[in-house]
Amino acid sequence: MARRKGKSGSVSQAKDKDKDHGRFLQQDRVGFHTLPIEVMGIVFEHSAKPTLLVCTRVSRLWRESSRPHLFESLTIRRSSSYDDFFSFLDANTDIARYVRNLTLGRDHAAWLDGTYPLVSKTLLVKLTHMLPRLQELRIQDVQFDSRPTHSDAAVRDEDVRPPRLRLFSMERCCSMGTDPWVPQSVLFDVLSTLSADTIHLSSVYVASQETAVAPRPRLRPLNPRCLVLSDMPSINVWHGTLSKKRLYEVLRLVTAPKCLRELRVDRVDRHDIACLTALGDFLSHAAQDALQEFELPFPICQPLVEAEDTPERWSILGLDKCRNIKSFGISFNMRTGLNDLPAYPHVPYSAVAIAILSHLPSTLRQLTIKLLYVETDEDIKNKRVLGLRALDDALVGRFPALEVVRVELRVRYFLMEYTTAILRTMPKCKKRGILEVAQSPDT
């Protein structure tokens, strides 16, 4: 009996071991593949391209989950790759719906050779049509092929119906045979091809020389919500033309009226009347009754010229027609006594700011004041240079709906003395509880 008992006991022990081993195997099967698809998508979203390429070969589930992230952002750096890319999309029609961001640029070999990939209007039209879910298109360091071709003639304006992009960016581009500048007609033709919520132009040299391709009238004008102009040269040093002035003229031609809600303009020489007039004409056309956010594209600093403290001097900016501005930015450069300039201007900087602000609607909600190169708190208290107290009186009397007056200091070290000086020189804004002091994020 004892022997049988031992045998039955060993059998039960073996069954228990099998159960434990089964539980171990079951626990071993719990892994990454058992996670919800949403969690896997988050992991793939933060994975590198080589990792995603390997993940597409693991299983069908992994392939379908990783492919949208693998093809979400693509970069083409050679002209010879455009045809290969189109052939790839024709052979894999399902991949086109994954592409969200596309960049056209040039590779390292092209940099060494001094050559640029060629981009034409037909190419842009074809790209935007073959990628129906494209959201961002960036063009960097390319040449625009302005030569007329049979395919360009086949693409008529009434046939061009590009999908609306979230962002179109053009940086350091030129035209074929006109390096480094872009003729007005070529820029007109490129911008007329696209439709985007935000347009960003950077380091674009615009000249007045025309090519054989004349700008054609556009049936559907450009209708951006936000326009960003950065690193734009004021003077084309190669040909002596006013690059920024030409750019504003082109933008006024291709942009729909009353469409711009936000405008970020690169620095403009406030003494350049021709450029300011072109900017004002563009604002009056594209931003009238629509502009809500705008920052003055120049700092108020020395040298101040006569009549800069009068409202008539700044009527050329066309701010009177922007009746819905909610947020406005202005900056003061506190460097004085440099380059043989007098230590004190003939009027305080605040007088110029008050003259500019007189063109804004009384419904202004937020004002940002940037103080650049502040060295001591005495610079803030100085009535002859800055004069914040006079600006404080003008703001409270002019803008009853003002909710925030934010003073940003571009200083190396943010000291409490600066905040104390601003609170003392702007007591009325402080009393209304709308005054804020912070260090500039550009520091």
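Details of the structure are given in the entry above.
Residues numbered from 1 in each chain as written. Predicted model: local features only at pLDDT ≥ 70, side-chain atom pairs only at ≥ 80, totals over all residues. Heavy atoms only, no water.

Another aspect to go through is the overall build of the protein chain. In terms of regular secondary structure, the protein chain is built from 16 helices and 19 strands. Relative to its full complement of 443 residues, the protein chain shows a buried share of 46%. The contacts in the protein chain between residues at least 6 apart in sequence include a share of 83% that link residues at least 24 apart. (Helix = DSSP H or I, 4+ residues; strand = E, 2+ residues; numbered from the N terminus. Buried < 20%, exposed > 50% of the residue type's maximum accessible area, 1.4 Å probe, protein only. Contact = heavy atoms within 4.5 Å.)

With 115 residues, the main nonpolar core has F168, F328, F332, I369, L371, L395 and M426 as its most contacted residues. With seven residues, helix α11 (residues 273–286) is the single largest residue contributor to this core. (Core = buried A, V, L, I, M, F, W, Y, C linked by side-chain atoms within 4.5 Å.)

Turning our eyes to something else, we now look at the pairing of strand β17 (residues 366–372). Burial within β17 is extensive, with six of its seven residues counted as buried. As judged from the seven bridges shared by strand β16 (residues 327–333) and β17, these two strands associate in the parallel manner. Counterpart to I330 in the pairing with β17 is I369. With seven bridges connecting them, β17 and strand β18 (residues 404–410) associate as parallel partners. The partner of T368 across the bridge, within β18, is R406. (Pairing = 2+ DSSP bridges.)

This next bit is on the packing of helix α12 (residues 349–357) against helix α14 (residues 388–398). Where α12 meets α14, the closest approach of the two axes is 9 Å, and the angle between their N-to-C directions is 15°. The angle between α12 and α14 falls in the class roughly parallel. Once α12 is placed against α14, the crossing between them reads as right-handed. Listed contacts from α14 to S350, A353, I354 and L357 of α12 are A390, L391, A394, L395 and R398. Its residues assigned to classes, the contact of α12 with α14 comprises seven nonpolar, one polar and one charged. (Axes fitted to C-alpha atoms, helices over the stretch in contact; angles between N-to-C directions. Parallel < 35°, antiparallel > 145°, perpendicular 65-115°, else oblique. Left-handed = near helix turned anticlockwise from the far one by under 90°. Nonpolar A, V, L, I, M, F, W, Y, C, P; charged D, E, K, R; others polar.)

Strand order in the open sheet formed by twelve strands is β1-β2-β4-β6-β9-β11-β14-β15-β16-β17-β18-β19, with parallel pairing between adjacent strands. In the strand order of this sheet, the two ends are held by β1 (73–76) and β19 (435–439), each with one partner. With strand direction ignored, the average angle separating the axes of adjacent strands in the sheet is 10°.

This part is about a nonpolar patch on the surface. Nonpolar side chains collect at one region of the surface, where L35, V39 and V43 lie side by side and expose about 200 Å² of accessible area between them. With a relative accessible area of 36%, V39 lands in the partly exposed category. (Patch = residues over 30% accessible without salt bridge, like charges linked within 9 Å, V, L, I, M, F, W, Y side chains within 5 Å. Areas by Shrake-Rupley, 256 points an atom, 1.4 Å probe, with all protein chains shown as cover. Salt bridge = Lys/Arg side-chain N within 4 Å of Asp/Glu carboxyl O.)

The next thing to look at is the environment of E306. Along the polypeptide, E306 turns up in the loop between β15 (293–295) and β16. Classification of E306 by relative accessible area gives exposed; the value is 64%. Residues E306 and H346, 40 residues apart in the sequence, show an inter-C-alpha distance of 8.8 Å.

Attention now moves to the packing of aromatic side chains. Applying the stated criterion to the full structure yields six aromatic pairs. Considering the side-chain rings of F44 and W62, the 6.0 Å spacing of their centres and the 70° angle between planes classify their relative orientation as edge-to-face. In this pair, F44 sits in helix α2 (residues 37–45) while W62 sits in helix α4 (residues 60–70), placing the two residues 18 residues apart along the sequence. Both rings, one in F332 and one in Y349, keep their centres 6.4 Å apart while their planes meet at 5°; by these two values the pair is stacked. Note that F332 is positioned in strand β16 and Y349 in helix α12, a separation of 17 residues in sequence. Accessibility expressed as a relative area gives 0% for F332, which makes it buried. By relative accessible area, which is 0% here, Y349 ends up buried. A cation over an aromatic ring shows up here: K126 above the ring of F86, its NZ or CZ 4.3 Å from the ring centre. Note that R313 overlies the ring of W314, its terminal NZ or CZ placed 4.7 Å from the centroid. (Phe/Tyr/Trp six-rings, centres within 6.5 Å; stacked < 30°, edge-to-face > 60°. Lys NZ or Arg CZ within 6 Å of the ring centre and 35° of its normal.)

Turning our eyes to something else, we now look at the side chain of N333. Within the element layout of this structure, N333 appears in strand β16. Its relative accessible area of 15% is what places N333 among the buried residues. When neighbours within four sequence positions are excluded, N333 is seen to be in contact with P299, I300, C301, Y349, L372 and Y373.

With respect to the helices and strands, S169 occurs in strand β6 (residues 165–171). Apart from the residues lying within four places of it in its own chain, the contact partners of S169 are L137, R138, I139 and H200.

Here the focus is the packing of α2 against α4. Where α2 contacts α4, the axes come no closer than 9 Å and their chain directions differ by 50°. Put simply, α2 runs oblique to α4. In this structure, the crossing between α2 and α4 has a hand that is right-handed. Contacts between α2 and α4 involve I37, M40, G41, F44 and E45 on the former and, on the latter, L61, W62, S65, S66 and H69.

The tally for this structure, following the rule as stated, stands at 17 salt bridges. E136 serves as the salt-bridge partner of R138, at 2.7 Å between the closest nitrogen and oxygen. Residue E136 is classed as buried on the basis of its relative accessible area of 12%. As a salt-bridge pair, D141 and R172 come within 2.9 Å of each other at their nearest N and O atoms. Highlighted residues: D141 in the loop between β4 (136–140) and β5 (143–144) and R172 in the loop between β6 and β7 (174–175), separated in sequence by 31 residues. The network of salt bridges with shared partners includes E136, R138 and R166.

The subject of this paragraph is unusual backbone geometry. Cis geometry is found at the peptide bond from Q302 to P303, where omega equals 0°. Note that P303 resides in the loop between β15 and β16. Despite not being glycine, A307 has its phi angle at roughly 75°, a positive value. Relative accessible area serves as the criterion here: at 35%, A307 is assigned to the partly exposed category. A positive phi is found at Y373, a non-glycine position, where the angle reads about 60°. Counting through the fold element by element, Y373 comes out in the loop between β17 and α13 (377–381). Under the relative-accessibility criterion, Y373 is labelled partly exposed at 32%.

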